[in-house]
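Coordinate inspection notes
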Amino acid sequence: MKWIQNIILGCLISLSASYITITVITLNKSHRLWSGEELLEQILLTLILGVVIGTATLLFEIESWSYLRILTLHFLIVLVSVFTVGALGRWYDIENPATIFFLVCEIIVIYIVVSFITIVLRTIEIKKINEVLKKKTEE
């Protein structure tokens, strides 16, 4: 069941990041128009990316590995996945290093934001669990 939650969350995060990216591109290039087919293609590619990244998040369930090892492997999976899907979606121009640089920067920013939100949510969850346990031990 956990893997389904991870896939759904991965898809939602990917779709959100994609929507923000498309909006920024459109704002910066006001002459850029997106056809329905292009938007559908981007949504499908983003969903594929969400499934891959959501599934890769299950790495964090491996208790025998260090957090740094899991984080590094997860980030590499995200990086390779984004570049693979990005090649299909024409998210960067291989002949223009600036587009690759900006894609890497976008990946890092999104990764940091999502990681921060995840840490905050887990901290809140741990506090709630500790409060319940404290109440049970006081009874």
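Residues numbered from 1 in each chain as written. Predicted model: local features only at pLDDT ≥ 70, side-chain atom pairs only at ≥ 80, totals over all residues. Heavy atoms only, no water.

1. Side note on the confidence of the model for the chain
Confidence in the prediction for the chain averages 85 pLDDT; 94% of positions are at 70 or higher. Ranking the helices and strands of the chain by mean pLDDT puts helix α3 (residues 67–89) first, with 92, and helix α1 (residues 2–28) last, with 74. (pLDDT = per-residue confidence, 0-100. Helix = DSSP H or I, 4+ residues; strand = E, 2+ residues; numbered from the N terminus.)

2. Here's the deal with the pattern of salt bridges
Any two side chains of opposite charge can pair, given that their charged atoms come close. Applying the stated rule across the entire model yields one salt bridge. One salt bridge in this structure joins R90 and E41, with 3.0 Å as the shortest N-O distance. Of the two residues, R90 is situated in the loop between α3 and α4 (97–138) and E41 in helix α2 (residues 36–56); the sequence distance between them amounts to 49 residues. (Salt bridge = Lys/Arg side-chain N within 4 Å of Asp/Glu carboxyl O.)

3. With respect to the packing of α2 against α3
Relative to each other, α2 and α3 sit at 165°, their axes nearing to 10 Å. Classified by the interaxial angle, the pair formed by α2 and α3 is roughly antiparallel. Like other packed secondary-structure pairs, α2 and α3 cross with a definite hand, here right-handed. Along its contact with α2, which presents E41, Q42, L45, L49, V52, I53 and A56, the element α3 presents H74, I77, V78, S81, V82, V85, L88 and G89. (Axes fitted to C-alpha atoms, helices over the stretch in contact; angles between N-to-C directions. Parallel < 35°, antiparallel > 145°, perpendicular 65-115°, else oblique. Left-handed = near helix turned anticlockwise from the far one by under 90°. Contact = heavy atoms within 4.5 Å.)

4. Describing the packing of α3 against α4
As a packed pair, α3 and α4 sit with axes 11 Å apart at the nearest point and diverge in direction by 135°. With respect to α4, the element α3 is oriented oblique. Classified by chirality, the crossing of α4 by α3 is right-handed. Together, L71, H74, F75, V78, L79, V82 and F83 of α3 and I100, L103, V104, I107, I108 and Y111 of α4 make up the contact between the two elements. Within the contact of α3 with α4, the residues separate by chemical class into twelve nonpolar, one polar and no charged. (Nonpolar A, V, L, I, M, F, W, Y, C, P; charged D, E, K, R; others polar.)

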